[in-house]
Amino acid sequence: MADPIRSIPTLEDLGDVAGRRVLVRTDFNVPMEGGVITDDFRIRAALPTITWLTERGATVVTASHLGRPKGQPNPKYSMDPVRARLAELAPGVELLENLRFDPGEEGNDPAFVAKLVEGVDAYVDDAFGACHRAHASIVGPPQTLPSAMGLLLQKEVEVLLGLRERPKHPFVAVLGGSKISDKLGVVEALLNTVDSLVIGGAMCFTFLAAQGHPIGASLWEPDQVDTCRRLLETAGERGKTIHLPEDIVGLDADGNFATYGVRLPEGAKGFDIGPGTAAAFTDIIMDARTVFWNGPMGMFEDDRFAAGTRTVAQAMADTKAFTVVGGGDSAAALAQFRLDDEVDHVSTGGGASLELLELGDLPGLEALRNAPNAPGA
Ligand code: ADP
Ligand code: MG
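Throughout, a residue's number is its position along its own chain's written sequence, starting from 1. Chain letters start at A and ligand numbers start at 1, both assigned in the order the entries are written. Where totals are concerned, whole chains, interfaces and linings use all residues; where local detail is concerned, this predicted model gives features only for residues with pLDDT of at least 70, and gives and counts side-chain atom pairs only at 80 or more. Working from all heavy atoms in the structure, the side-chain values ignore hydrogens and water.

The chain is annotated in an unreviewed UniProt entry as phosphoglycerate kinase from freshwater metagenome. UniProt positions are given in the numbering used here, feature names are shortened, and annotations may be inferred rather than shown by experiment. Listed in UniProt under the heading Pathway (unreviewed entry), the comment for the chain reads: "Carbohydrate degradation; glycolysis; pyruvate from D-glyceraldehyde 3-phosphate: step 2/5." One UniProt comment on the chain, placed under Sequence similarities (unreviewed entry), says "Belongs to the phosphoglycerate kinase family."

Student: Would you take a moment to explain the site of ligand 1 for this structure?
Tutor: A cutoff of 4 Å decides nearness: a residue is near a molecule or strand if any of its heavy atoms lies inside that distance of it. Residues in close proximity to ligand 1 total 19 residues, the closest being Lys 183, Ala 202, Glu 301, Asp 329 and Ser 330. Polar contacts here mean pairs of N or O atoms no more than 3.5 Å apart (in protein, one a potential hydrogen donor and the other a potential acceptor; neighbouring residues in sequence count only if both atoms are side-chain atoms). A distance of 2.5 Å separates an oxygen atom of ligand 1 from a polar side-chain atom of Glu 301. A distance of 2.5 Å separates an oxygen atom of ligand 1 from a polar atom in the side chain of Ser 330. Working definition of accessibility: Shrake-Rupley area with a 1.4 Å probe, residue cover restricted to the visible protein chains. Protein contacts shield 84% of the accessible area of ligand 1, which totals 590 Å² for the unbound molecule. For the shell around ligand 1, the leading source of residues is helix α13 (residues 328-336), giving three residues. Amino acids are sorted into nonpolar (Ala, Val, Leu, Ile, Met, Phe, Trp, Tyr, Cys and Pro), charged (Asp, Glu, Lys and Arg) and polar (every other residue, Gly among them). Residue composition of the shell around ligand 1, by class: six nonpolar, 10 polar and three charged. Runs of H or I in DSSP of at least four residues are treated as helices and runs of E of at least two as strands, each being numbered from the N terminus.

Student: Hey, could you run me through the packing of aromatic side chains in this one?
Tutor: For any two aromatic rings, the description comes down to two numbers: the centre-to-centre distance and the angle of the planes. Only Phe, Tyr and Trp rings take part, Trp by its six-membered ring, and two of them pair if their centres are within 6.5 Å. Stacked means planes under 30 degrees apart, edge-to-face means over 60, and tilted covers everything else. If you walk through the whole model with that rule in mind, you get two aromatic pairs. Between Phe 257 and Phe 305, the ring centres sit 6.0 Å apart and the planes meet at 15°, which makes this aromatic pair stacked. Linking Phe 257 in strand β12 (residues 257-260) with Phe 305 in the loop between β14 (290-294) and α12 (307-318), this pair joins segments that are 48 residues apart in sequence. Since its relative accessible area comes to 47%, Phe 257 is described here as partly exposed. Three or more aromatic residues joined by ring pairs form one cluster here, namely Phe 257, Phe 271 and Phe 305. Both a distance and an angle decide whether a charge sits over a ring: NZ of Lys or CZ of Arg must be within 6 Å of the ring centre and within 35 degrees of the ring normal. A cation over an aromatic ring shows up here: Arg 56 above the ring of Trp 52, its NZ or CZ 3.8 Å from the ring centre. Burial classes follow relative accessibility: with a 1.4 Å probe on protein chains only, a residue under 20% of its type's maximum area counts as buried, one over 50% as exposed, and anything between as partly exposed.

Student: In this structure, what is going on with the sheet that holds β12? I would like to understand it.
Tutor: Backbone-to-backbone hydrogen bonds join strands into a sheet, with any given pair of strands oriented parallel or antiparallel. Between any two strands, pairing holds if DSSP finds at least two bridges. Read from one edge to the other, the open sheet built from three strands follows the order β12-β11-β13, with strand pairing classed as antiparallel. Two strands in the sheet have a free side with no partner beyond their single neighbour: β12 and β13 (269-273). The sheet shows a mean angle of 35° between the axes of neighbouring strands, taken without regard to direction. The pairing of strand β11 (residues 248-251) with β13 spans four bridges and is classified as antiparallel. In the sheet register, Ile 248 faces β13, and the bridge partner there is Ile 273. Axes here mean lines fitted to C-alpha atoms, for a helix over just the part in contact, with angles spanning 0 to 180 degrees between N-to-C directions.

Here it is as structure tokens:
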């Protein structure tokens, strides 16, 4: 197969954009409260690509989804607040109405694609967080228009595919979070490239159960125990290590704060990795040359159970390794500890980053590779 990164057209591959109308698919899915944007990070993140185009004389039309209006116009998900903020940051740049107001967006309806590309000369995808979906605005325009990945998407692809293709070793993946079934595919794929896996969060309990430890009333997924057992075996056979917690912090059956080893008594709930585990995980992160982190180590939203996540976040900041963080809640945790500037890359796409790591490709990237102006097309 051709180089998975170099075969995707970049902004340079658009040729001369002066006087041309360029549709930019952005991820303006910003957090809102009562019609007010609470964090405009995603709008600011799109500015480098927008500026690149406008400085070269292009007319930029942006388009994004916002929330889940499910194919119907809904004032609650109107783009008006985003449009107002965009007008302050990038005057003269247009923004279409919420793409998901039309069922054709999620349904990838050719009629909706035709509407999107009408009067448009070129297409740029800068919405990494939506690239794992074969939606109209992601896979449609590159079928006919000269297309490119925007600067934000390019960085994501270079960093995440770089982790798959040529990580510096030791490469450690630190995984946590709540839902193990969503992430087992990634765990399996990561076993091909990492030297060791570090597992915390609610995820660890299904693994601990697979090792035969009683896990009390902690969150786990009984139907994934066999898969976890198999993964532990596979890792062993391939000479890789899966590091699991050696101590757990949580609440006992009466709801009192408690610290345990790996065996939890009946009724006890584990909500964080213990201090011994956090120290051991820190050592592993400090000794690595590449670290990918997805999923908090505990229920960090509750101060009593934030220590494990905080310690791992601090290790990510302190290590000399190349550090990448993916996942909405992991990124939120980093930001909460004010360590988001201390890692090398925070991915803007939760699901998309995991899917790219797991499969090595995304529908949106595949579409760009097949665009009329793609290198080698
Ligand atoms: P990300 O968004 O980074 O991919 P997830 O969505 O998988 O992460 O998981 C984040 C959630 O997992 C957080 O809300 C956190 O409270 C929860 N969580 C982590 N560890 C535990 C635990 N031991 N018990 C219950 N919930 C947990
Ligand atoms: Mg999440």
